[in-house]
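In case you want the letters, here they are:
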Amino acid sequence: MIYDGQCGFCRLWIERWKKITGDAVAYAPFQDVSDQFPTIPEDQFKSSVQFVETDGTIYSGAAAVFKSLSYARRRKWMFWCYKNIPGASFVTESIYQFIANHRPLFSKLTTLFWGKTVEPPTYLFSSWLFIKALAIIYGIAFFSLWIQIRGLIGTDGILPIESFLKAIKGHVGSSAYFWFPTLAWLSPTNFFLDFLSMGGVILSIILFLGFTPTIALWLLWVFYLSLTVAGSEFMQFQWDALLLETGFLSIFLFHSQIRSRWKQFVMPSHLIHFLLRWLLFRLVFSSGVVKLISGDPAWHSFTALNYHYETQPLPTPIAWYVHQLPEWFDKVSCGFMFASELFVPFLIFFPRRFKFFAFALL
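Residues numbered from 1 in each chain as written. Predicted model: local features only at pLDDT ≥ 70, side-chain atom pairs only at ≥ 80, totals over all residues. Heavy atoms only, no water.

Focus on helix H13 (residues 213-230)
Heads up, the condition is: Here a strand is any run of E in DSSP of at least two residues, a helix any run of H or I of at least four, and the numbering for each starts at the N terminus. A helix is expected to span 1.5 Å multiplied by its residue count minus one. The cut-offs for exposure are 20% and 50% of the maximum accessible area for each residue type, with area from a 1.4 Å probe on protein chains only; residues under the lower value are buried, those over the upper are exposed, and the others partly exposed.
Taking 1.5 Å of rise per residue, the 18 residues of H13 would be expected to cover 26 Å, and the 25 Å separating its terminal C-alpha atoms lies within 8% of that figure. For H13, the tally of buried residues reaches 14 of 18 residues, placing the bulk of the element in the interior. Within two residues after H13, Ser232 carries a phi angle of roughly 40 degrees, on the positive side.

Here's what the structure looks like:
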């Protein structure tokens, strides 16, 4: 790949492409290598990047970009689309020329949107931190269940699990094992419920310490799914489903390891990383949408917070004090909430600096 070494915008993006293609593609400024390619005019070097294949085939502009990126395993589809989709080459070359003719502007926009570097992030440290936080959340969830489980669904509990499972099997027969997957089918006893809860706490500690993370994540998910199904009405809250989906996706963040240290992490799958972002988007965006489609006039008139602090199921220590604030504050807060839930989630899929902004607002 040959580029204009005096173009700051070009140098910025070349650094990104170097990380993507690795050693498969060599990069050089035309100021250093133009004499090796006498068939390419200097004006052509200045106007667009040039990609030279080992057999001498030359690609320019958008074609050069897509061809170079096709040497990266996950980017081959881009050059295929360029060649095979009608109109793709015309559109992408037009966009490329527009950007090339306004490089100073797009250089500033790149810095504004991405920062001083556009190199693809590895997400190694953030994945490590994410797993540590997930281990803590799992630990809290299992421990809080452990101290309540017998009173809720134990043998003498409010809704005994043995009666619950018998009723299910009486209604749906042997398919109950499929539709209601829980290890409690093996032994619907107080001892086994304690085993699942206590086991979850121990597995959370193991995960936090970084031992056998893949195995620990699999077992945590199976144990929590078992308790969620067995817990019937007591485990049908949004956060239970959220923890299960997050926990399941997190299993695939790891390649099999005995011990996980963040410096030894392998970059997580693009698909899993996208699905985790998609989960966050759905969680926040649907929280905003459900308020609007509920038909409750308090949301439409921005007066819901007039009542929220005294009716919320899990009040915080400062709820009473916030409830004393004037109505205009509640309406502004409600507006900010709608903006945060209906518009900010889209920034999750934007470049780096938009993600930081979304993170701060959420």
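On we go.
Things to note about the packing of helix H8 (residues 124-146) against H13
How two helices pack is summed up by the angle between their axes together with the distance between the axes. Just so we agree on the cut-off: Axis lines are fitted through C-alpha atoms, for helices just across the contact stretch, and the angle between N-to-C directions can take any value from 0 to 180 degrees. Crossings are assigned a handedness: left-handed for a near helix turned anticlockwise from the far helix by less than a right angle, right-handed for a clockwise turn. Contacts between residues were defined by any pair of non-hydrogen atoms, one from each residue, lying within 4.5 Å. Gly is put with the polar residues, along with every residue not named as nonpolar or charged; the nonpolar set is Ala, Val, Leu, Ile, Met, Phe, Trp, Tyr, Cys and Pro, and the charged set is Asp, Glu, Lys and Arg.
Close contact between H8 and H13 brings their axes to 12 Å; oriented N to C, the two are set at 35 degrees. Seen from above, H8 lies across H13 with left-handed handedness. Contacts from Ile131, Leu134, Tyr138, Ala141, Phe142 and Leu145 of H8 reach H13 at Leu217, Leu220, Trp221, Phe223, Tyr224 and Leu227. A class-by-class count of the residues in the contact of H8 with H13 yields 12 nonpolar, no polar and no charged.

Here we look at a nonpolar patch on the surface
The following threshold applies: Patch definition: residues above 30% relative accessible area lacking any salt bridge, with like charges linked at up to 9 Å and the nonpolar side chains Val, Leu, Ile, Met, Phe, Trp and Tyr linked at up to 5 Å. Here the Shrake-Rupley method, with its probe set to 1.4 Å, supplies the accessible areas, and only the displayed protein chains count as covering residues. Between Lys or Arg on one side and Asp or Glu on the other, a salt bridge is scored when a side-chain nitrogen of the former is within 4 Å of a carboxyl oxygen of the latter.
A grouping of Ile136, Ile140, Ile205, Phe208, Leu209 and Phe211 is seen on the molecular surface, where their side chains present a nonpolar patch of about 570 Å² in accessible area. At the level of elements, H8 and helix H12 (190-209) are the ones that each hand at least two residues to the nonpolar patch. With 3 residues, the top contributor of residues to the nonpolar patch is H12. Mapped onto the secondary structure, Ile205 falls in helix H12. Classification of Ile205 as partly exposed rests on a relative accessible area of 49%.

Focus: the pattern of salt bridges
As enumerated under the stated definition, the model contains 9 salt bridges in all. Of the charged contacts in the structure, one is a salt bridge between Lys46 and Glu42, with a shortest N-O distance of 3.4 Å. One end of the pair is Lys46 and the other is Glu42, both in helix H3 (residues 42-47) and 4 residues apart, which spans about a single turn. Assessed through its relative accessible area of 42%, Lys46 is described here as partly exposed. Here Glu42 falls in the partly exposed class, since its relative accessible area comes to 48%. The salt bridge involving Arg282 is made with Glu245; its shortest N-O contact spans 2.3 Å. Taken together, the residues Arg282 in helix H15 (residues 270-293) and Glu245 in helix H14 (residues 238-251) connect sequence positions 37 residues apart. For Arg282, a relative accessible area of 30% translates into the label partly exposed. Looking at Glu245, the relative accessible area reads 31%, which means it is partly exposed.

Here we look at helix H19 (residues 327-342)
Its 16 residues place the ends of H19 22 Å apart at the C-alpha level, agreeing with the 22 Å of an ideal helix rising 1.5 Å per residue. Among all positions in H19, only Asp330, Ser333, Cys334, Met337, Phe338, Ser340, Glu341 and Leu342 are buried. If you follow the buried residues of H19, they end up packed against H15, helix H16 (297-300), helix H17 (305-311), helix H18 (319-323) and helix H20 (352-361).

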